[in-house]
Amino acid sequence: MFPDPQLLDKATWQNGVLPAMAPRLGIPARSLTEEMSRSPQMVVLTRGVSRADWDKIVAYYVARAPAALADAPRPRQPVVDPPFFATGPFVPGLRSSGIITLLKVDSADDRIFVGEAASNTLRIFGYDRRLKATLTLESAPTDVISERDHILVLKVGNLAPNDEASGSLVRYDIVRGGALRYAATLIDSLYRPVFVQRFGADAFLICEFGNNRGRLALYRAAGGTYRRQVLDASPGAIRFEIRDMTGDGAPDIVALLAQGDERIVLFVNDGNGNFTTPGQVLARFPPVYGSMFFTLADFNGDGQPDILYVNGDNFDYSPVLKPYHGVRILENDGHNNFTERYFFPMYGAAHAIVADFNHDGAPDILATSNFADSLRHPEQGIVYLENLGRYEFRPYAFRVAAGSQWNVMASLDINRDGRPDVLIGAMRLQSITRIAEPTNGTGREPAAVLLFEDVGGKH
């Protein structure tokens, strides 16, 4: 998708994006060091652009880009600290790297999974918040499939941007006392995998985000191993949902691909477990958007799944506050044609949970930001959007969000009162505003995992 010059300021084009674009267009490196630092997996034009044409491209962007990006439009300013959520640490005093890569809930077996990078630790808690088991891994866990007597852990391999096939899906058996014991590596040689689900009884669907190379692939059991079927061979697969989108009773796949060619794609099941490839593009976004998350939910009550789309990745070549970051609702016309009906600007938006938090029958939204405006509005690192109907939402923010960056989320009913609660994990990276992170006034690091408990107050 054409990246309009208006999407970034002049300095960011000149110093960040265009220098990264040049090698992909075949522009020769200016030094041996620059040449040796290039990834051999980088896709480069077979016939490169001439230096004269490249200079024209640079001049085009510099001439047309604004000196600075405008602030995000905000029709409603969020109310701070609404009374209907009780917020605080999930486990007070929990020691953590603060880089939470996994939050997952198994309500059937009373398990809450918390995974983190740096320490590469997977912890299992009960709904009583007591620690059940701890597992130290070779790399960060990014997803887990919880089954009664064992768990399947998705290990990322190298978490940093890379093209190593070092990720894996590994089985651990739950033994006496709740401890975990390695059983088998089911699938290896994965490109930085981030998301997995079973597809039927004998297959796994895995998002391999990768970097210059990656894939969305279905792994089907074949004897004692798994046979790979690639649905999409491009990098950036970050999440999918398995849903019958065509009404024929067969489960289709809707996937978000978030690296370079940012898009939401439908892979239609032919009824025999085979999928149309390439998939049907339901929505496409400029490559600077930074797609992070999507989910399917019915926002207008017509029985058709709409798309909630979240974009705000800001850790690559253009770390500036972007007014087009935020939360969007794309309405389904009933034939899988999607049109944007709602946009809430949210710098660095990362993840969202859709649930009826105010118990009026309409879906509300709780969203996180990994790159909020920490200088002016650190409280907007977590935002609640109360659904007022007809694509109108009332926003709220939370002071507990200040002092950290927030990313992954998981919904649960931790006290079994019938109201949806939410876990929120930190992702402490360098602030894009290049200032010291605000402290929480205690001299200690803020909690790595928060619990937002729906206390049923009047909305």
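Residues numbered from 1 in each chain as written. Predicted model: local features only at pLDDT ≥ 70, side-chain atom pairs only at ≥ 80, totals over all residues. Heavy atoms only, no water.

As for helix 1 (residues 10-21)
- Among the residues making up helix 1, those that are buried are Thr 12, Trp 13, Gly 16, Val 17, Leu 18 and Ala 20. For helix 1, the buried positions fall inside an angular range of 165° around the axis, keeping them on one side.
- Along its buried surface, helix 1 packs onto helix 3 (51-64).
- If you check the start of helix 1, you find a side-chain oxygen 3.2 Å away from the backbone N of Ala 11, and it comes from Asp 9. (Buried < 20%, exposed > 50% of the residue type's maximum accessible area, 1.4 Å probe, protein only. Helix = DSSP H or I, 4+ residues; strand = E, 2+ residues; numbered from the N terminus. Arc of directions from axis to C-beta. Contact = heavy atoms within 4.5 Å. Polar contact = N/O pair within 3.5 Å; in protein donor to acceptor, adjacent residues only side chain to side chain.)

Some details on the packing of aromatic side chains
- According to the stated counting rule, one finds 22 aromatic pairs in the structure shown.
- Ring centres of Phe 195 and Phe 240 lie 4.8 Å apart, and the angle between their planes is 75°; on these two criteria the pair is classed as edge-to-face. Placement of Phe 195 in strand 11 (residues 193-198) and of Phe 240 in strand 15 (residues 237-243) is noted, with a sequence separation of 45 residues between them. Note on accessibility: Phe 195 and Phe 240 belong to one class, buried.
- With a centroid separation of 3.8 Å and an interplanar angle of 5°, the aromatic rings of Phe 285 and Tyr 309 are classed as stacked. In this pair, Phe 285 sits in strand 18 (residues 280-285) while Tyr 309 sits in strand 20 (residues 306-311), placing the two residues 24 residues apart along the sequence. Taken individually, Phe 285 and Tyr 309 each receive the classification buried, so the pair is uniform in this respect.
- Within the aromatic cluster, the residues linked to one another by ring pairs are Phe 84, Phe 85, Phe 357, Tyr 384, Tyr 396, Phe 398 and Phe 452. (Phe/Tyr/Trp six-rings, centres within 6.5 Å; stacked < 30°, edge-to-face > 60°.)

A short note on the sheet that holds strand 2 (residues 85-89)
- Spatially, four strands are ordered 2-29-28-27 in an open sheet, and the strand pairing comes out antiparallel. Strands at the two margins of the open sheet, each flanked by one partner only, are strand 2 and strand 27 (406-412). For this sheet, the mean angle separating the axes of adjacent strands, direction not counted, is 20°.
- As defined by bridge partners, strand 2 adjoins strand 29 (residues 449-454) across five bridges and the pair is classed as antiparallel. Residue pairing across strands places Ala 86 opposite Glu 453, the latter belonging to strand 29. (Pairing = 2+ DSSP bridges. Axes fitted to C-alpha atoms, helices over the stretch in contact; angles between N-to-C directions.)

Points about the pairing of strand 16 (residues 252-257)
- Burial analysis of strand 16 places six of its six residues in the buried class, which makes it a mostly covered element.
- By the alternation rule, side chains of strand 16 split into Asp 252, Val 254 and Leu 256 and Ile 253, Ala 255 and Leu 257, which are all buried.
- Sheet topology places strand 15 next to strand 16; six bridges connect them, and they run antiparallel. Residue pairing in the sheet places Arg 243 in a bridge with Asp 252 of strand 16.
- As paired strands, strand 16 and strand 17 (residues 262-267) are joined by five bridges and run antiparallel to one another. Residue pairing for strand 17: Leu 257 is matched across the bridge by Arg 263.
- In this antiparallel pair of consecutive strands, strand 16 and strand 17, the connection spans four residues, and Gly 260 shows a positive phi of 80°.

As for the nonpolar core
- Counting residues in hydrophobic clusters, the biggest one holds 31 residues, and the most contacted among them are Val 254, Ile 264 and Ile 307.
- Among the elements of the structure, helix 1, helix 3, strand 16, strand 17, strand 18, strand 19 (291-297) and strand 20 are those that each provide at least two residues to this core.
- Not counting the four nearest positions on each side in its chain, Ile 307 is found in contact with Ile 264, Leu 282, Phe 294, Thr 295, Leu 296, Arg 328, Ile 329, Leu 330 and Phe 338.
- Counting 19 residues, the second largest nonpolar core, distinct from the first, contains Phe 293, Val 310, Val 327 and Met 346. (Core = buried A, V, L, I, M, F, W, Y, C linked by side-chain atoms within 4.5 Å.)

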